[in-house]
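# Structural overview for review
The lines below spell out each chain.
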Amino acid sequence: MTDDAMSRPLTAAIRPGAPPPGIADYRRSGGYLGAAKALREMTPDKVREEVTAAALRGRGGAGFSTGRKWGFLPKPDGGDRYLVVNGDEMEPGTFKDRLLLEGNPHQLIEGVIISAFAVRASHAIIFLRGEYVLAAQRLEVALEEAAAAGLVGQGLFGSGFDLDIQLHSSAGRYICGEETALLTSLEGRRAIPRAKPPFPQTSGLWGCPTVVNNVETLCNVPHIIRHGAAWFRALSRGEDGGTKIYGASGRVRRPGAWELPMGTTVREIIEEHAGGMQDGYRLRGFLPGGASTEFLTAEHLDVAMDFASVEKAGSRLGTGTMVILDDRTCPVGMLQNLEHFFAQESCGWCTPCRDGLPWTERILEAIEDGRGRPEDLDLLAMHVDHLGMGKTFCALAPGAMEPLASGLKYFRADFERHIAEGRCPWR
Amino acid sequence: MAVTLTIDGRAFQVEAGDNLLHACLSLGFNLPYFCWHPALGSVGACRQCAVKQFRDAGDHAGRLVMACMTPVADGMHLSIEDGEAKSFRASVIEWLMTNHPHDCPVCPEGGECHLQDMTVMTGHVRRRYRFHKRTFRNQYLGPFVAHEMNRCIACYRCVRFYRDYAGGQDFDVFASHRYVYFGRAEDGRLENEFSGNLVEICPTGVFTDKPLGRLYARKWDMAGAPSVCVHCGLGCNVTVNARAGHLRRLLNRYHHQINGYFLCDRGRFGHGFADLPERIRQPLRQSHPLTRDATLRHLAGILPAAKPIGIGSPRASLEANFALRQLVGPDRFHLGLAAEEQRLLSLIIDILQKGPAPAATLADAEQADAVLVLGEDLPNTAPRLALALRQATRRQAFAIAGRLGIPSWLDNAVRDAAQQEKSPLFIATLDATRLDNLATAVFRLPDMEVARLGYAIAQAIDDDAPKVSDGSAEFLSQAQVVAQALAEAQRPLIVAGTSSGSRAVIEAAANLAWALCRRGRAAQLSMVVPECDSLGLALMGGGNLAEAFAAVDAGAVDTFIVLENDLYRRAERSAVDACLNRLRHLLVIDHSSHQTAARAEIFLPAADFAESDGTLVNNEGRAQRFFSVRPPSGGIQESWRWLRDMAAVRHEGEPLPWRQLDDVTAACAKALPGLSDITNAAPGAGFRIAGAKIPRQPQRYSGRTALHADRTMHEPKPAEDPDTPLAYSMEGAATKPPPSLIPFVWAPAWNSVQAINKFQQEVGGPLRGGPAGSLLIHRSRQARRTYLGEVPRPFAPRRGRWWIEPLYAIFGSEELSRMSAPIAEILTSPTVALPPADAARLGITEGALVELRLGGEIRRMPATLHPALPPGTGGLLAGTPESIGLILPGWGEIKACEGTP
């Protein structure tokens, strides 16, 4: 075992630009040992307890404890149960799951096998973003290899556990990343979120008990089982276990994604790994975890990128892949672009999202085009307030309001200048 | 269980398990909503019903919740008036208004628009959105429903009703975000027979009543009257609207035990027969118009010497039939039914009175957890019952959801949890039906085999039931499957009726219910009858048509007085012709013209259902009163008044001393013990609220003088209505009338049909004042203790002959609705339906002309191939001009013939 594999378990086997490890390579570096251990030596409850003890929190953005999530499933009653992998990575600025999917598909499959065993699901479905064509191809190859090796199918690892894994490529809507809309979409219907409760663990895919986990989350599971919860927690610099794939996009020298200890500071990610800002650009702010998180600014550079610390700073860790705003880009224009995305991706189910987001988009467009009015800021504030969590059907619109709310707070002078001058100062 | 809920500081007792919106509305609060509907449940889409929920009495921050999505819990603290909640609700309207056109003045929904009401209720008054609205292209959706998508607020009610509730496939929601579009994949007629409900379910003017649009009036400008649908035997309650003497539209009138919130399209759009331009409005003698006095003089010349009999009608009121019965005498009163139909109806009454199981209301049918349909194509013969059974198949879904802790009103969650799981529904009919896709199993059988299946199922449930000795093993094992499902149910329902013309089918259904009751199951029966007063007429009793014809043959009778009946629809053409040719006088009283009327010596124009009052008895034996919305005009008067006038001029016997309808109703109730409760169907003419009559016209009814300004500038005196507690006026009692007398639903702040909330004891529950109508059939304590009838012999195909049964179409088989313009537009031409293999042997292809010989009659029409038909059988669309006069079912000869259809 190399140091690399022990400090960067998720990405050690990934070689950028090269094909992913085949099953033989994957096994040579210890692949499927975690699955073998789980299925041969552990009970499902023991696996769940280990994952809970590892303090693995969901990497899709909400950060819920994975072990606890699994614990909400009812006791098996002989009926079908599903593990669904959320690979619908459509959050703007986010590309961490793609790295894992394209770079090491067997790692995900092994995570699926162990997790499905833990929740006693005999069916697993990988729901993949439609545009991830390369990932789909590589996953298909890996699934065939795994099937040929007897790693999926009947009586895995000599246990009585059966598992089939299906790959489903999405037709492509942001809302499909919302776990209940994902399930509805999988059932062949309009991708509309479901009311919670009932949670998917109670009534999920086809009405059966279902767990939905993010790609990165599941990729951690084999390593936790192989090396133990204590090792996993020790990877992190904070309370949350493991490493995290952080990313940075925007005017940095080296945009990209890096697996680093959970709790690495923003400064370290931007300055060391992304190489700092490009010449001539200064950092004005950043969305720490994708488009639907609140802006933080230069004063937050020393915030640790873990769930609690980012929340304390006023935002969310989200997907951990940050979008950076520089001083030569108009924040109003950036927000208009973001709200355009969210308005377009609203599923149209609930009123505030369907009709509120297009209004905010148009107000931002008007301000950016020099047609803004002073009362527009009040209207934007009204939307921030009334599109909040609990007021809309799902988290899409509240997410869309996070950059806007913080943008109004940190860049209010820019808004006012647009309105006062009747033009965008950056144009 | 009642729990305590505190709303804005006041404590209320509400039922646990409801959602907060249901509870708040039932308590009388004006909490706005769009996507929720009592019959469709909660989905949380519109976010309009937000209220503030507090942790406890000490919590003043609270959080917004959607009332429709939040279960009531004991000790809950809420605020409707909370500032944040109010401001959020106003914002929801403001968002909806970003795209809603400002076309209220020219929108047909204006004045009865739920969106207008909710907008006013939330206090949103000023538009702040200054950008472009989204626009759509509208679709042609057929003759019933007009489409204006730009008004859409995307509450999703239409698609949830049309697809989820009514099972329609040709309507959906398309696209996404602010461009969600509700319509069809392409222009075309809405195929579902409940499409007209979109008009009422849509909270604004996206789906509107197209025939109303052709002769439009605002809600406040239309008089209303409580009425009962006359287009089948279920007795759905309707509201009739009229202005300036014209019927404008029919709306659903809520009755929680019958139609609830929904009507079928035949009921809603069938009223056009009443206002046909060719309608006869003056008495005729040999087709020439007569004055009233001249008519009575002629009648005075005919009646004293005549040897008349009266022919009644299952589509006329009890009062009209009774008046005829009194005019001619009970011995000379005939029901106007074929002998076989009369026997079937009498059998049904006997079963409902003395049998083991009660008649199911439609609400009961909806609660049935296992259903067997014997010989009825319900979507075509009793559409609203088919809609109820569609809901009955969801009992299993509610059970599954219940086990997962999902409340039954959380609609999408229930559907997601239950997926395709359905309660048992078995259908045994000759041909495919539109309910088949919900059925656990379907059986395609001729009528006698349907009956045998029923017998075999009964026998599988109870050993003492008559044994089907010669059934095949497969047949008996199928029966076993059905028997098991019915016997395992708590509330099984057996549906049968007169449609296949088979006594054995009805007896089999009764035996099955009996077998289930012996097993301790609370079985119910639903017996389908064809017309709006079929059961009332059968309860009245009298001779049948065959007997009437025989009396003419015997020379004992020379005059027919025919009440609202076309004899050609009830007997073979040759028999009717022969009979009418022998008569000296044929006197016909009807509102509509037909072949019998065309031969009348004297035709008396009768008031239709919208300009007369009377009592009808539905298929469960419930007497219900219908009321006129307009007074009869021209030479038209109520049938019973014509009959009274005839009694006055016949110079013998007692005159009929009736001044108003109540006199007739009371006389009928007194003369016929089985009908004694009809006086309780609705309050009589003397009923007053605070000394005043109930106005038919809303308080904002406008243009009373302008309507007559072409003739006089003076406002004419409103017509008197001696027969009912309703007035042809806008003046009268302003308080809410009892359920049977509600002329329109309207309440302060509630101008749309959803004002019905304010008339119910609780939302979606019974109307205040209890269920309208009066049940005439009371089950005897001495229920029958033996099984009925005997097992019919198996179907034996005959060489060169086909067993032709009647098939039904919701649009076309019923006499009156097929004359209504929007329905006439979509009638299909009748065909002979044949099994493809049989047709192939005869060299008959789809659409080819065939000749059918049946009884003494010959018909030529195109063939259609129906793959579901069993070999040796065929079908013919009943009630069309091409099929009336053929006695079905019967053995027919079929051959290909030359020529083009």
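Residues numbered from 1 in each chain as written. Chains lettered and ligands numbered in written order. Predicted model: local features only at pLDDT ≥ 70, side-chain atom pairs only at ≥ 80, totals over all residues.

## Details of the overall build of chain B
Assigned secondary structure in chain B consists of 26 helices and 35 strands. Counting only C-alpha atoms, chain B reaches 90 × 80 × 60 Å along its principal axes. Looking at the 901 residues of chain B, the share that counts as buried comes to 58%. Contacts spanning at least 24 positions in sequence make up 74% of the contacts within chain B whose residues lie at least 6 apart. (Helix = DSSP H or I, 4+ residues; strand = E, 2+ residues; numbered from the N terminus. Buried ≥ 20, exposed ≤ 12 C-beta atoms within 10 Å, placed from the backbone. Contact = placed C-beta atoms within 7 Å.)

## Description of the overall build of chain A
Counting its regular elements, chain A contains 18 helices and eight strands. Expected size for 427 residues packed as a compact globule is a radius of gyration near 22 Å; at 22 Å, chain A falls within 12% of this value. Expressed as a percentage of its 427 residues, the buried residues of chain A come to 58%. (Rg over C-alpha atoms; globule rule 2.2 N^0.38 Å.)

## Some words on the packing of helix H10 (residues 339–354) of chain B against helix H18 (residues 503–518) of chain B
Residue and element names in this part refer to chain B. Their axes nearest at 10 Å, the elements H10 and H18 cross at an angle of 10 degrees. On the basis of their axis angle, the class for H10 and H18 is roughly parallel. Between H10, through Arg343, Leu344, Leu347, Ile348 and Ile351, and H18, the contact on the second element is made entirely by Arg503, Ile506 and Ala510. (Axes fitted to C-alpha atoms, helices over the stretch in contact; angles between N-to-C directions. Parallel < 35°, antiparallel > 145°, perpendicular 65-115°, else oblique.)

## Thoughts on the nonpolar core
Residue and element names in this part refer to chain B. The biggest cluster of nonpolar side chains holds 414 residues, and the ones touching the most others in it are Leu374, Ile457, Ile494 and Ala509. Here the element with the most residues in this core is H18; it accounts for eleven residues. Once you skip the residues sitting within four places of it in the chain, Ile494 turns out to touch Leu372, Leu374, Ala509, Leu512, Ala513, Ala523 and Leu525. (Core = buried A, V, L, I, M, F, W, Y, C linked by C-beta atoms within 7 Å.)

## Some points on the interface of chain A and chain B
Counting residues at the interface gives 30 residues for chain A and 33 residues for chain B. It is helix H15 (residues 351–368) of chain A that contributes the most residues to the side of chain A that touches chain B, eight residues altogether. Its residues placed into classes, the side of chain A that touches chain B shows 13 nonpolar, eleven polar and six charged. (Nonpolar A, V, L, I, M, F, W, Y, C, P; charged D, E, K, R; others polar.)

## Topic: the sheet that holds strand E32 (residues 849–854) of chain B
Residues and elements named next belong to chain B. Reading around the circumference, E30-E34-E31-E33-E32-E35 is the order of the six strands in this closed barrel, with mixed pairing throughout. Neighbour-to-neighbour, the strand axes of the sheet open up by a mean angle of 45 degrees, direction not taken into account. In this structure, E32 lies alongside strand E33 (residues 857–865), joined through six bridges in antiparallel fashion. Looking across to E33, one finds that Val850 is bridged to Met861. (Pairing = 2+ DSSP bridges.)

## As for unusual backbone geometry
A cis amide bond, omega 0 degrees, links Pro197 of chain A with the succeeding residue Pro198 of chain A. Here Pro198 of chain A shows up in the loop between helix H9 (179–186) and strand E4 (210–214). Leu888 of chain B connects to Pro889 of chain B through a cis peptide bond whose omega is 0 degrees. With respect to the helices and strands, Pro889 of chain B occurs in the loop between strand E34 (873–877) and strand E35 (890–896). Unlike most non-glycine residues, Ala55 of chain A shows phi in positive territory, near 55 degrees. Of note, Ala55 of chain A is situated in the loop between helix H4 (44–53) and helix H5 (66–71).

## Thoughts on the domain arrangement of chain B
All names here are of chain B. Taken as a whole, chain B is organised into domain 1 (2–97), domain 2 (279–337 + 557–566 + 583–671), domain 3 (342–535) and domain 4 (802–896). Once you take the C-alpha centre of each, domain 3 and domain 4 turn out to be 27 Å apart. On the domain 4 side, the residues contacting the 15 residues of domain 3 number 17 residues. The leading source of residues in the side of domain 3 that touches domain 4 is helix H12 (residues 378–381), at three residues. For the side of domain 3 that touches domain 4, the class distribution of residues is six nonpolar, five polar and four charged. (Domains from an automatic or database assignment.)

## A few points about the domain arrangement of chain A
Residue and element names in this part refer to chain A. You can read the domains of chain A as domain 1 (3–234), domain 2 (243–326) and domain 3 (331–421). Taken residue by residue, the interface counts 15 residues in domain 1 and 18 residues in domain 2. Class assignment of the residues belonging to the side of domain 1 that touches domain 2 gives a composition of five nonpolar, five polar and five charged.

## So, the sheet that holds strand E7 (residues 283–287) of chain A
Residues and elements named next belong to chain A. What the four strands build is an open sheet, ordered E6-E5-E8-E7; its pairing is mixed. Strand pairing shows two members of the sheet lacking a second neighbour, strand E6 (256–261) and E7, which therefore form its edges. Geometrically, the sheet is characterised by an average inter-axis angle of 30 degrees between neighbouring strands, direction not taken into account. Where strand E5 (residues 243–249) lies against E6, six bridges are found, and the strand directions are antiparallel. By the bridge assignment for E6, Tyr246 is matched with Trp258. This element, helix H6 (residues 96–103), spans E5, E6 and strand E8 (321–326) of the sheet and lies at about 115 degrees to E5.

## Side note on helix H20 (residues 545–553) of chain B
Residues and elements named next belong to chain B. Buried residues of H20: Leu545, Ala548, Phe549 and Val552, and no others. Taken around the axis of H20, the buried residues stretch over an arc of 95 degrees, which confines them to a single face. Looking at the packing, one finds that the buried side of H20 touches strand E15 (308–311), strand E16 (333–334), H10 and helix H21 (573–582). (Arc of directions from axis to C-beta.)

## A few points about the confidence of the model for chain B
Interpretation of the predicted coordinates at a detailed level should be avoided for regions scoring low in pLDDT. For chain B, per-residue confidence averages 95 on the pLDDT scale, and 99% of positions sit at 70 or higher. The ipTM value of the predicted complex is 0.96, and its pTM value is 0.97. (pLDDT = per-residue confidence, 0-100.)

## Thoughts on the packing of helix H7 (residues 105–119) of chain A against helix H10 (residues 215–227) of chain A
Residues and elements named next belong to chain A. Between H7 and H10, the shortest axis-to-axis distance is 7 Å and the interhelical angle comes to 75 degrees. With respect to each other, H7 and H10 are oriented roughly perpendicular. Across the interface between the two elements, Gln107, Leu108, Glu110, Gly111, Val112, Ile114 and Ser115 of H7 pack against Val215, Leu218, Cys219, Val221, Pro222 and Ile225 of H10.

## Things to note about the environment of Asn150 of chain B
All names here are of chain B. Following the sequence through the fold, Asn150 ends up in the loop between strand E6 (145–147) and helix H4 (157–165). The exposure class assigned to Asn150 is partly exposed, which follows from the 16 C-beta atoms found within 10 Å. Once you skip the residues sitting within four places of it in the chain, Asn150 turns out to touch Pro101, Thr135 and Phe136.

## A few points about the environment of Pro308 of chain B
All names here are of chain B. For Pro308, the location among the structural elements is in strand E15. Accessibility expressed as a C-beta count within 10 Å gives 23 for Pro308, which makes it buried. For the pair Pro308 and Pro330, spaced 22 residues apart in the sequence, the C-alpha separation amounts to 12 Å. Apart from the residues within four sequence positions on either side, Pro308 is in contact with Val328, Arg332, Val557, Thr559 and Ile561.

## Some words on the pairing of strand E22 (residues 559–563) of chain B
Residues and elements named next belong to chain B. Where burial is concerned, most of E22 is hidden: five out of the five residues are buried. Here E22 shows a buried face lined by Thr559, Ile561 and Leu563 and a second buried face lined by Phe560 and Val562. Examined bridge by bridge, E15 and E22 share four bridges and lie parallel to one another. When the sheet's bridge partners are listed, Ile311 is paired in E22 with Val562. When E22 meets strand E23 (residues 585–590), the two strands line up parallel, connected through five bridges.

## Let's talk about helix H17 (residues 396–410) of chain A
Residues and elements named next belong to chain A. Here H17 spans 22 Å end to end across 15 residues, near enough to the 21 Å set by a 1.5 Å rise per residue. At Glu402, H17 is deflected by roughly 25 degrees, the largest bend along its length, and proline Pro403 occurs up to four residues later in sequence. Burial of H17 is extensive: eleven of the 15 residues sit out of reach of the surface. Those residues of H17 that fall on the buried side of the exposure criterion are Leu396, Ala397, Gly399, Ala400, Met401, Glu402, Pro403, Leu404, Ala405, Ser406 and Gly407. (Expected span 1.5 Å × (residues − 1). Bend = angle between axes of the 7 residues up to and from the residue.)

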